[in-house]
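Chain and residue survey
Chain by chain, the residues:
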Amino acid sequence: MTPWEVLGLEDGESDRAVIRSAYVVKLRAHRPDEDPEGFRRVRDAYEFLKSYADHRRDEDEDSEYEYDDEYGDGARDAASKHEHDVEFHELLERDDLTASEHASHGDPSFRDTRPREPEVDKNLAAAPAPRDELPLPESESPIPNAIHQYFTGSNEELSALVWKLTEADDTEALAEIASGLERRAHEGLPRGGEFLALELATIWAPIDFERALALSEVVYNSMPPDERPDWKFAGIDEVKAVLDERLYLDENARHGMARIIARGGWEGEPTLTVSALLKAKVARDGALHEWLKRHAPDLEDYIRFKSKKSRHKPIDTAEGSIGCGGWFVRIWLIWVLMRACTAMGNESNENYGVDDNSHYERLEKLRRGLDPTEPERPK
Amino acid sequence: MAHPTPAGPCEDWYDEPWGAATAQADAKDAGSAMIVGIDLGTTNSLVSILRDGGPVALANELGEELTPSAVAFAEDGLLLVGRPARDRLVHDPKSGCAFFKRDMGTERRYVFGKRKLTPVECSAAILRELKRIAEIHLGETVRQAVISVPAYFHDTQRQATVSAANIAGLEVARVINEPTAAALAYGHRHPDQETQLMVFDLGGGTFDVTVLNVFENVIEVLASAGDSALGGEDYTDELLKVILEKRGGSLDASGKARLRQTIELAKRGLAEHESVERDGVSISRADLASAGRHLTARLRPIVMRCLRDAKTDVSELVDCLLVGGATRMSLVDTLLRETIVVPINRSVDPDRVVAYGAAIQAAAISKNEAVRDLILTDVCPHTLGTEISKQFGKDSIQDGFFEPIIDRNVTVPVSRAVTLSTMHARQDKVTINVFQGESRFVKENTFLGAFEIKGLRHRPSQKHPGEFEVRYSYDMNGILEVEVNVLESGKKYKKVIESRPGELTPAEVEAAVRRLQPLKILPRDLLPNRARIERANRLFAELAGTQRQELTHRLDAFEAALESQDGERIRIATSILDEFVEPLFDAEAESRPETK
Ligand SMILES: Nc1ncnc2c1ncn2[C@@H]1O[C@H](COP(=O)(O)OP(=O)(O)OP(=O)(O)O)[C@@H](O)[C@H]1O
Ligand SMILES: [Mg+2]
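Residue positions are counted from 1 within each chain, in the order its sequence is given. Going through the entries in the order they are written, you letter the chains from A and number the ligands from 1. For a predicted model such as this one, the threshold for reporting local features is a pLDDT of at least 70, and the threshold for listing and counting side-chain atom pairs is 80 or more; totals across whole chains, interfaces and linings nevertheless cover every residue. Excluded from the side-chain calculation are hydrogens and water; included are all heavy atoms of the structure.

Let's shift gears to the overall build of chain B. A run of H or I in DSSP counts as a helix once it spans at least four residues, and a run of E counts as a strand once it spans at least two, with each numbered from the N terminus. In terms of regular secondary structure, chain B is built from 15 helices and 29 strands. Each residue's exposure class comes from its accessible area (1.4 Å probe, protein chains only) as a fraction of the maximum for that residue type: buried when under 20%, exposed when over 50%, partly exposed otherwise. Counting the 596 residues in chain B, one finds 60% classified as buried. Considering only intrachain contacts with a sequence separation of at least 6, the fraction spanning at least 24 residues in chain B is 66%. Note on areas: Shrake-Rupley, 1.4 Å probe, and residue coverage restricted to the protein chains presented here. By element, 49% of the accessible surface of chain B is carried by carbon and sulfur atoms, the whole surface being about 23,500 Å². It only takes one pair of heavy atoms within 4.5 Å for two residues to be counted as in contact.

Right, here's the structure in full:
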C-alpha cells in the first residue's frame, strides 16, 4: 500500500490541509490507545506525506521523492544508512584510515565531513601520508611517537603512549607537539586533522582569538564547499550568555570560544564540551566548570580511561563512524596540548592576557585532583 | 469526638468543625470504578476527577487542594504527610524531607533518625494521602489512577513512580507527561480551536517544554524537552545561598530551614511586587534574577531544542501556556517575551492544570462520553537504542557505543528496526543491551534491560552471515518490546522490557506498605489535628516572650484534650488554640496559591 492509499487519498496528493483531514479521519478509526498497530501505519503514512508535501512546496515541481513499500522514517533512514554503509566499507579498505575517523550523530551542523565524491576522495588520498611527514625530532622522547600514533596507531598502544605522555614533564617537547600538530593542520589536514585543528582552535580561543579564528578557517576550508556548515551556529547565544557571565576574558576571546563550542552543540559533540571544560579549568572559573560538567559528567573517567576487552557485543555494520580510540585520544591530546599551549603561553604572558600565575602549575594541581584556585596550603 | 474507625475510607472520620461536609458522594455522578488523575509534584501534589464534564480538584479536610509533597516523622513516630509534614520540616528539618521527586529513580535512601525511607516510599506516602482524599469525596475505594510525570523523566523514573503508586495501593492506568496533560486540559476547554502551542512548565523541581498542535479535537504533541533537575526550588536555594553569604556567620539546620521558608515566601511576593521585605529579609526582582541567572540561562537552550525537534519556528506559535508555580516569576515573563519572543497565555491555572489533564485522560480511559472525541498523540522525548561495538581500523574494537533505534520525539506507539551483525565469523552469541538517552556512549545513558541471542556463527554459503535485525516497539504506556530477527535462519526472539531497574517485586511492595503503615489512629493523629500541632510548633519556634508562653498554654491544653479523647473537650481546646494561631498565620495563608 502506498501512503496515499493508507490515508485514502488520491495518488500524489500534496496539499497539507487535505492530508491532515484524511489523517484525522483515519486517526479516529485507529486510535493510538485502542489500535496501536493501525495507528502506526496511519502515522507513518501521515509523516511521510507531511514531508512529501513540504518537499513539494520547497523544491521544484518535478523532483522525485521516493518511497519503498515500507515507507516512513524507518525505511528512509535505513536507505540512507545503507549508502553510508557502502561508503564506510570502502573507507575501511583504505590504508590511511585512522583512529581519528569521525562522524557524529545529532547536530547536523557537525555532519560527517568525509567526501562523498570519488574525485574529492582522490584529493585526500593524494594528501601526504602522515607517517612520512611528521616532524620526528632526534630525541628519545615518547612524544613524537604519540603524534605518529595519533594518525596511524592502534588504540591500545595509543592509550598506553598517551598515558605515558601525560606523565611526562617535558614541557618543551609538549610545546613542540602542539606547534607540530598545528603546522600539520595548516598544511594538508590528514584525515581527522580538521577536528584536531578545531580543537586547537578551541584551546587557543581564550588565549589568542586571532589564532583560533585562523585555525577555524582552516577547518572550514578543508570541507567540500557544499558541506560547509553555516557559520551562524545555532545555539551561540545561549552559550554566549553563560560565558558572558562566567568568563572574565576579553570580549573577542569569549566570543570565539562560544562560537566554537556552540558549533559542536552541547548534546551532539561531547568532545567539544570536554574541550570547553578544560578551558574553563584554565580560566579558573569554577562555576563555568560546574556548568559544563553537567554536559560531560564523566570527564575524569574519560581521562582515566583504560582499555577494556570487548565482550559479546554486536558490532554496527550500518554506519561508518568514529573510532572511539580517536575520540579518547583526542581528549588525551587536548589535555596534552593544553599543557603545551599554556607552557608556551607562559613565555609571553602579556600577549595572552593571563596573569603571572603559572597555568602549568594550576593544571598540575587539577591533574592531582586539587582545586587550582586554592593557594597551596603548607602542611 | 467519636472513636475513630480506621477501617473503611468512606466512613466519616471526622466530627465538626472539619466534618463530613466535603464528603459528598461524587461517585454516583462519575459511575463506578472511578479513575482519578494525580499530579505528583516536587512541591505540591493534587488529585482531580472529572465532574459534570469538567475537571475539578479535590480538597482535603482542611479545604486545601494542594498537598505539599513532604513527609516527616513526628516525635511519636507517626508518619506525617502534606502540610503538617512541611510545617514540621521548618522547625525540625531532620525529621523528614520534601522534594524527593528529584531523587526518583535513584538508589538514594533517606535516614530520619532511626527510620529509613526511599524516594519511592516518600512518594507512595503522598499518593496514599491523595487516594484517601479522593475516597472521602467519592465514597468508594479508588483503585486506579492516571499519574503525571515530567515529560523528561526517563523510564527508570517513570517506573519508580509506578512502584510508588503500587505501594500506595493504586494501579496506574496510564502515565501521562505533565505538559501533555496541561495541553489536554487546555484542548478540552477549547475543543474547536486550531492552534500551535508551546507549554512551558516550570514547577518546583522540574522543567519541561512541549510543542504541540491542536486541531479538530486532536492534540498532537510534536516534541518535548526538559531538565528534570531545574525548578522554582532551585531559585529559592540560590537566593538562600546569596543571602547566607552576604550575612556571613553560620546558621544551624533549623535556622536555615526557617530562613529558607522566609525567602520562599518573599520570592512568591515578587510576582506582585518589585521588592519584598519579610522578617528582616528583603529581596527584589533584580536579586532573584541575578541569583538565578545560571538557572535562567539553562532554560532557553531547552526551549530551542524542543522547537528544533518539533521542526517549528517560534513565529508559528500562537500561544505559550504557562504551567507550574515558578512561571509566576517575572523573569520567566521577560525570557519568553523578550528573548524567545512568544505570546504568553496565562489562562490556565498553573498549579492545577496538570492534574486536570490527568483527570481528563483518566476519563478518556474509562470511556467517559464527555471526552470521547478528544484524541491525544504523544511522543517519547528520549532516544531508545542498543549498545554496539565499533570496529575501527583492522584490529581494534571498542564497545560501549549507543546506537539509536527509536529517535527522540517520534510519536508513540512506534516501531523501528536496525540491522546489526556479529563482530567476527566465529561469534555465536550476542547480548542486546537496551538503553535510553542521548549520549553516544551507553555508560552515560540509562540501562533498561538485556537479552541474549545465539546461533549466529557463520556457516558456508550464507547470504547474511551473522546479521540480525533488532526491532524496538514502544507503546503509549512506555512498554518497550524488543524483537530480534536473525536474517539467515528467520528465527525470531522477543522480549518485553517491562521490568526495569527500580521495579519492585510484590514482596517488596508489601514490605514498603508495612513500613509506611501508621500506628493506631488516635484523635491526635487525624490530619487536621496533626496539622494544627505542627503549625503551632512551628510558630513556637518563631515567637518569643509572652506570646510564646501564651501559645504554650493553649497548645498544652489542646494536646491534653486530644489525649482525653473527649469530643467536647477537644472542640473547645481547638477553638481556643485556633483563636490564637490563625491571625498569626494570615500572612502566610495569603501567599498560598488561590483556587480559581
Ligand atoms: N508567586 C510565585 N512566584 C514565584 N515562584 C512561585 C510562586 N508561587 C509558587 N512558586 C514556585 O513554584 C514552585 C511550585 O510549583 P508547582 O506546584 O507547580 O510545582 P510542582 O508541580 O510541585 O513541581 P514539579 O512539576 O516540578 O514536579 C515552587 O518552587 C514555588 O517556589
Ligand atoms: Mg508540576
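The rest of the description comes next.
This part takes up the overall build of chain A. Secondary structure summary: chain A contains 19 helices and zero strands in total. Out of the 379 residues in chain A, the part that is buried amounts to 54%. Long-range contacts, defined as pairs at least 24 residues apart, comprise 65% of the intrachain contacts of chain A with a sequence gap of at least 6.

Turning our attention to the confidence of the model for chain A. Residues and elements named next belong to chain A. What pLDDT expresses is the predictor's confidence in each residue, scored from 0 to 100. With 15% of its residues at a pLDDT of at least 70, chain A reaches an overall mean of 49. Confidence, expressed as mean pLDDT per element, reaches its minimum in chain A at helix α5 (residues 118–126) with 27 and its maximum at helix α2 (residues 16–29) with 93. Scored below 50 in pLDDT, residues 60–171 shows 206 contacts in the model against residues more than four places distant or in partner chains. For the stretch residues 295–360, pLDDT sits under 50, and the model shows 191 contacts to residues farther than four places along the chain or on other chains.

Aromatic ring pairs are defined here through the distance separating the ring centres and the angle between the ring planes. Residue and element names in this part refer to chain A. A pair of Phe, Tyr and Trp rings is counted when the ring centres sit within 6.5 Å of each other, with Trp represented by its six-membered ring. The angle between the planes then sorts it: under 30 degrees is stacked, over 60 is edge-to-face, the rest tilted. According to the stated counting rule, one finds eight aromatic pairs over all chains in the structure shown. Each ring, one from Trp4 and one from Tyr52, has its centre 5.1 Å from the other, and the planes form 90 degrees; the classification is edge-to-face. Of this pair, Trp4 sits in helix α1 (residues 3–6) while Tyr52 is found in helix α3 (residues 36–58), placing the two residues 48 residues apart along the sequence. Ring centres of Tyr23 and Tyr46 lie 3.8 Å apart, and the angle between their planes is 5 degrees; this geometry places the pair in the stacked category. Of this pair, Tyr23 sits in helix α2 while Tyr46 sits in helix α3; the two residues are 23 residues apart in sequence, bridging distant segments of the chain.

Residue and element names in this part refer to chain B. In terms of nonpolar packing, the biggest core is built from 44 residues, with Met198, Phe200, Leu202, Phe207 and Leu336 touching the most fellow members. The greatest single-element share of this core, amounting to six residues, is contributed by helix α9 (residues 293–309). Not counting the four nearest positions on each side in its chain, Leu336 is found in contact with Met198, Phe200, Cys320, Leu322, Val341, Val342 and Ile344. If you look at the next biggest cluster of nonpolar residues, it comprises 43 residues, including Ala124, Leu138, Ile147 and Ala164. Only buried residues count toward a nonpolar core, which is a set of Ala, Val, Leu, Ile, Met, Phe, Trp, Tyr and Cys residues joined through side-chain atoms within 4.5 Å.

Between the first and last residue of a helix there are one fewer steps than residues, each counted as 1.5 Å, and that sum is the expected span. In a regular helix each residue adds 1.5 Å, so 20 residues correspond to 28 Å; helix α3 (residues 119–138) of chain B covers 28 Å between its end C-alpha atoms and thus fits that length. Extensive coverage of α3(B) is indicated by the burial of 19 of its 20 residues.

Turning our attention to the pairing of strand β1 (residues 35–40) of chain B. All names here are of chain B. A large share of β1 lies buried, amounting to six of its six residues. Of the two faces of β1, both are covered, the one formed by Ile35, Gly37 and Asp39 as well as the one formed by Val36, Ile38 and Leu40. When DSSP finds at least two bridges between two strands, those strands are taken to pair. Pairing of β1 with strand β10 (residues 144–149), which is carried by five bridges, proceeds in the parallel orientation. Across the sheet, Val36 pairs through a bridge with Ala145, a residue of β10. Where β1 and strand β2 (residues 44–51) come together, four bridges link them in antiparallel fashion. Note that in β2 the partner of Gly37 across the bridge is Ser48.

All names here are of chain B. Each residue is tested against the molecule or strand, and it is near if at least one of its non-hydrogen atoms lies within 4 Å. Taken together, 21 residues lie around ligand 1, and Thr42, Thr43, Lys101, Glu264 and Lys267 are the ones closest in. Whenever two N or O atoms come within 3.5 Å, that pair is a polar contact, provided that in protein one can donate a hydrogen and the other can accept it, and provided that, for residues adjacent in sequence, both atoms are side-chain atoms. Between ligand 1 and the protein, one listed contact pairs an oxygen atom with a side-chain N or O atom of Thr42 at 2.5 Å. The side chain of Lys101 places a nitrogen or oxygen atom 2.6 Å from an oxygen atom of ligand 1. For ligand 1, whose free accessible area comes to 640 Å², the fraction covered by protein is 96%.

Residues and elements named next belong to chain B. Judged by pairing direction, the sheet is mixed, and its six strands sit side by side in the order β18-β17-β12-β13-β14-β19 without closing on themselves. Two strands in the sheet have a free side with no partner beyond their single neighbour: β18 (344–345) and β19 (375–377). As paired elements, strand β12 (residues 195–202) and strand β13 (residues 207–215) share eight bridges and run antiparallel to each other. Within the sheet, the bridge partner assigned to Thr195 lies in β13 and is Val214.

Turning next to the sheet that holds strand β29 (residues 492–497) of chain B. Residue and element names in this part refer to chain B. On the basis of which strands lie adjacent, the open sheet formed by four strands has the order β24-β27-β28-β29 and antiparallel pairing. Since the sheet does not close on itself, it has two edges, and those belong to β24 (414–421) and β29, each with one partner. Across the sheet, the mean angle from the axis of one strand to that of its neighbour is 15 degrees, orientation sign disregarded. Alignment of strand β27 (residues 467–474) against strand β28 (residues 480–486), held across seven bridges, turns out to be antiparallel. Within β28, the residue paired with Val470 across the bridge is Val484. Comment: axis = line fitted to C-alpha atoms, over the contacting stretch for helices; angle = value between 0 and 180 degrees taken between N-to-C directions.

The first and last C-alpha atoms of helix α7 (residues 253–269) of chain B sit 24 Å apart over 17 residues, in line with the 24 Å expected at 1.5 Å per residue. Within α7(B), 13 of the 17 residues are buried, which leaves it mostly tucked inside the rest of the structure.

We now examine the environment of B:Pro381. Residues and elements named next belong to chain B. By secondary structure assignment, the location of Pro381 is in the loop between β20 (379–380) and β21 (384–392). Separated by 28 residues in sequence, Pro381 and Asn409 place their C-alpha atoms 4.7 Å apart. Discounting residues that sit within four places of it in the chain, Pro381 has contacts with Ala151, Tyr152, Ser224, Arg408, Asn409 and Glu438.

Glancing now at the side chain of B:Asp319. Residues and elements named next belong to chain B. In this structure, Asp319 sits in strand β17 (residues 319–323). Comment: no salt bridge for buried Asp319; closest opposite-charge side chain is Arg337, at 9.2 Å. Among the polar contacts listed, one links the side chain of Asp319 to the side chain of Asn345, at a separation of 3.2 Å. Those residues in contact with Asp319, other than ones at most four positions away along the chain, are Tyr186, Gln196, Leu197, Met198, Val342, Pro343, Ile344 and Asn345. In this tally Asp and Glu are treated as negative and Lys and Arg as positive; neither His nor the chain ends contributes. In the sections that follow, a salt bridge refers to a side-chain nitrogen of Lys or Arg positioned within 4 Å of a carboxyl oxygen of Asp or Glu.

As a further point, take the packing of helix α13 (residues 527–542) of chain B against helix α14 (residues 545–564) of chain B. Residues and elements named next belong to chain B. Remark: α13 packs on α14, axes separated minimally by 10 Å, with the N-to-C direction vectors making an angle of 160 degrees. Looking at the two axes, α13 sits roughly antiparallel to α14. The handedness of the crossing between α13 and α14 comes out as left-handed. For the pair α13 and α14, the contacting residues are Asn529, Arg532, Ile533, Ala536, Asn537, Leu539, Phe540 and Ala541 in the first and Arg548, Leu551, Thr552, Leu555, Phe558, Glu559 and Leu562 in the second. Lys, Arg, Asp and Glu make up the charged group, whereas Ala, Val, Leu, Ile, Met, Phe, Trp, Tyr, Cys and Pro make up the nonpolar group; the residues left over, Gly among them, are polar. Partitioned by chemical class, the residues of the contact of α13 with α14 number nine nonpolar, three polar and three charged. For classification purposes, an angle smaller than 35 degrees is called roughly parallel, one larger than 145 roughly antiparallel, one from 65 to 115 roughly perpendicular, and anything else oblique. Helix crossings get a hand from a simple test, with the near helix turned counterclockwise from the far one by less than a right angle marking a left-handed crossing and a clockwise turn marking a right-handed one.

Backbone geometry follows two general trends: most residues other than glycine have a negative phi, and most peptide bonds adopt the trans configuration. All names here are of chain B. Residues Val412 and Pro413 are joined by a peptide bond in cis, for which omega reads 0 degrees. Of note, Val341 is a non-glycine position whose phi angle comes to about 60 degrees, a positive value. Following the sequence through the fold, Val341 ends up in the loop between α10 (330–340) and β18.

Attention now moves to the pattern of salt bridges. Scanning all chains against the criterion turns up 40 salt bridges over all chains. A:Glu34 is the partner of B:Arg372 in a salt bridge, and the nearest nitrogen-oxygen pair spans 3.3 Å. A residue pair is termed interchain when its members come from two chains, as with B:Arg372 in the loop between α11 (353–365) and β19 and A:Glu34 in the loop between α2 and α3. A relative accessible area of 31% means that B:Arg372 is categorised as partly exposed. Among the charged side chains, a network of salt bridges with common partners joins B:Glu75, B:Arg88, B:Asp92 and B:Glu534.

For the rest of this paragraph, the subject is the packing of helix α2 (residues 83–91) of chain B against α7(B). Residue and element names in this part refer to chain B. Axis separation between α2 and α7 bottoms out at 6 Å; the angle between their running directions is 125 degrees. When the axis of α2 is compared with that of α7, the two are oblique. Every residue of α7 that contacts α2 at Arg86, Leu89, Val90 and His91 is listed here: Ser254, Ala257, Arg258 and Gln261. Here the residues of the contact of α2 with α7 sort into three nonpolar, three polar and two charged.

Glancing now at the state of the cysteines. All names here are of chain B. Criterion for a disulfide: a pair of cysteine sulfur atoms at a distance within 2.5 Å. A complete count under the given rule lists zero disulfides over all chains for this structure. Residue Cys97 stays outside any disulfide, its sulfur separated by 4.2 Å from that of Cys122, the closest cysteine. Judged by its relative accessible area of 11%, Cys97 falls in the buried class. Of the residues examined, Cys122 reaches a relative accessible area of 0% and is grouped as buried.

Residues and elements named next belong to chain B. Mean pLDDT for chain B: 84, with 89% of residues reaching 70 or above. Helix α1 (residues 26–30) is the least confidently modelled element of chain B, averaging 42 in pLDDT, while β1 averages 97, the highest of any element. Counting contacts from residues 589–596, a segment whose pLDDT is below 50, to residues more than four positions away or on other chains yields 17 contacts. Among the scores for the predicted complex, ipTM is 0.78 and pTM is 0.65.

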